[in-house]
Amino acid sequence: MKRKLALVALLASSAMGLVHADAIEDGIAKYREMLQDGNPAELFEMSGEELWTTARGPKNATMEKCDLGKGPGVVKGAFVELPRFFADTGRVQDLESRLITCMATLQGFNEAELNKTGYAKGEQANVRDMATYVAGASREMKIATPQSHQKEREMYEVGKRLFFMRSGPHDFACATCHAEDGKRIRLQGLPNLTGNPGDGIGFAAWPAYRVGNAQMWPMQKRLNDCYRQQRFPEPKFGSDATIALGVYMGVNAKGAKSIAPAIKR
Amino acid sequence: MKKIIPFAAIGASLVLSGCMSTSISSADADKLTAEVVKTSFQDKGIAKLSRLEQDEANRLCSAADVAGKPLDAATAKAIEEAQMKTIKWPSDGKFLGDFKAGEKVAQSGKGLTWKDKAGATNGGNCYNCHQISKTEMSYGSLGPSLYNYGKLRGVTDPDSPASKAIVEYTWGKLWNSRAYNACSNMPRVGHNGILTEAQIKDVMALLLDPKSPVNQ
């Protein structure tokens with residue numbers, strides 16, 4: 001609550017002073033700085049770490065043997081190399097869809113049911129927390145989304161086409177807002193996702209804690225909300241479209257330092 | 001030997017392109033994308049799967065964006081001509097409504113998401129991308145500034161013959177922006193039923209009425 005008030009105060013002071021977009025953005029930047037040692041995302045991270053080592057599910061097992069791409073049990077560095085191809089499932093998977101694979105194979109949860117569960121409800125809240133934990137274990141590491149497997153390269157090409165796909169009543173594509181440098185929607189700065197937008201920006205910031213609605217959003221939820229605002233129908237959780245977009249953004253952001261879990265307004 | 005040749009060809013093309021190996025043809029990537037689109041989305045509220053069906057203009061502009069090359073002049077012209085035919089001019093011949101109501105339409109970004117109800121009043125999303133009235137500081141920069149839109153174009157009496165061309169252009173641009181710029185990013189607010197005729201008249205007044213705050 002105190003933090004929320006601080007943001008309001010900062011926003012108000014910048015609004016009264018310069019009343020300019022840059023001033024508001026500065027306010028947000030200052031707020032982020034203030035929270036560097038107290039990002040609420042850390043609470044979700046801690047919860048995720050605990051879930052990771054707790055025996056759960058029909059098989060009463062932990063997630064500690066989960067293979068996130070760097071071998072069973074390796075968490076550090078896994079996030080910055082996702083999405084990637086997994087031989088056991090035969091598909092390219094992002095962090096959250098891979099967590100669900102592990103929850104199904106190791107702990108015995110029903111994969112289809114988990115995919116159908118709404119954001120932050122039931123076991124999806126645990127997926128969110130574990131995604132935050134896994135992302136946090138790659139803090140300050142550079143995005144290195146792999147392109148060595150044929151399917152990973154295919155997904156990049158699919159992601160690129162989805163990114164530029166204009167449709168729906170507003171003819172919006174991801175590119176409508178995210179294909180140029182230095183643009184804003186209202187006062188919100190828009191990262192250019194067709195290249196590397198810089199350390200901790202865009203792909204290198206999610207999962208992130210959103211101050212505005214006090215919610216922790218992993219990438220699947222972030223993309224879901226983008227598509228809502230694009231006026232598209234809903235992307236299914238863990239669908240190939242969402243994963244292909246992850247590959248496209250990740251490969252474009254190669255070398256950007258991850259600050260996930262970040263804090264956003 | 002036969003098997004080696006295609007690999008050599010791929011290798012050569014990789015060297016030539018000098019960047020990441022895609023190892024999938026553009027046509028195959030298009031096909032795969034269509035399959036991914038088909039399996040990845042679901043109806044939610046008023047946002048149905050039919051929204052994923054692109055019209056010719058969107059299909060061509062998206063493909064040009066993927067290729068990173070603008071449309072050739074002939075294709076662009078064909079799109080603009082086809083879109084021009086869709087413009088419906090005001091049924092009563094009156095182009096301008098109330099600028100105060102227009103400001104409200106310009107402010108609102110509501111409507112047509114899966115959270116919105118069918119038949120609800122939509123907004124124009126105008127401030128998301130454009131500066132319009134000087135008093136509204138929270139405006140986006142994806143589109144050009146529209147502050148002093150009428151004034152800069154010399155509109156002192158929107159009903160005068162001298163203003164006819166700019167008034168009609170503005171109506172047409174709002175109704176269907178792609179009639180003037182084949183791959184414009186601006187929503188086709190009339191053509192796609194985002195705003196009603198009455199709402200477009202109000203936005204017209206916001207931009208062109210000499211009394212509107214936009215023209216002070």
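Residues numbered from 1 in each chain as written. Chains lettered and ligands numbered in written order. Predicted model: local features only at pLDDT ≥ 70, side-chain atom pairs only at ≥ 80, totals over all residues.

Asker: Describe in detail the overall build of chain B, supporting the description with residues and values.
Answerer: For chain B, the count of helices and strands is nine helices and one strand. Reading the secondary structure of chain B in the N-to-C direction produces α-α-β-α-α-α-α-α-α-α. Put simply, chain B has 216 residues, and 37% of those count as buried. (Helix = DSSP H or I, 4+ residues; strand = E, 2+ residues; numbered from the N terminus. Buried ≥ 20, exposed ≤ 12 C-beta atoms within 10 Å, placed from the backbone.)

Asker: For the packing of helix 7 (residues 150-163) of chain A against helix 2 (residues 26-40) of chain B, give the residues involved together with the corresponding values.
Answerer: Look at helix 7 of chain A against helix 2 of chain B: their axes get within 9 Å of each other, and the N-to-C directions meet at 70°. Here helix 2 of chain B runs roughly perpendicular to helix 7 of chain A, going by the angle between their axes. Contacts from E154, E157, V158, R161 and L162 of chain A of helix 7 of chain A reach helix 2 of chain B at A29, D30, L32, T33 and V36 of chain B. (Axes fitted to C-alpha atoms, helices over the stretch in contact; angles between N-to-C directions. Parallel < 35°, antiparallel > 145°, perpendicular 65-115°, else oblique. Contact = placed C-beta atoms within 7 Å.)

Asker: Residue-level account of helix 3 (residues 41-52) of chain A, with values.
Answerer: Residue and element names in this part refer to chain A. The end-to-end C-alpha distance of helix 3 is 16 Å, a good match for the 16 Å that twelve residues give at a rise of 1.5 Å each. Listed as buried for helix 3 are A41, F44, E45, G48, L51 and W52. Burial along helix 3 is one-sided: seen end-on, the buried residues are contained in an arc of 120°. The secondary structure elements touched by the buried residues of helix 3 are helix 6 (123-136), strand 5 (208-210), strand 6 (215-217) and strand 8 (262-264). (Expected span 1.5 Å × (residues − 1). Arc of directions from axis to C-beta.)

Asker: Hey, could you go over the confidence of the model for chain B for me, with residue numbers and the actual values?
Answerer: Residue and element names in this part refer to chain B. Averaged over all residues, the pLDDT of chain B is 92; the fraction at 70 or higher stands at 90%. Between residues 1-19, whose pLDDT stays under 50, and residues either more than four places distant or in other chains, the model counts two contacts. For this predicted complex, the interface score ipTM comes out at 0.90, while the overall pTM is 0.89. (pLDDT = per-residue confidence, 0-100.)

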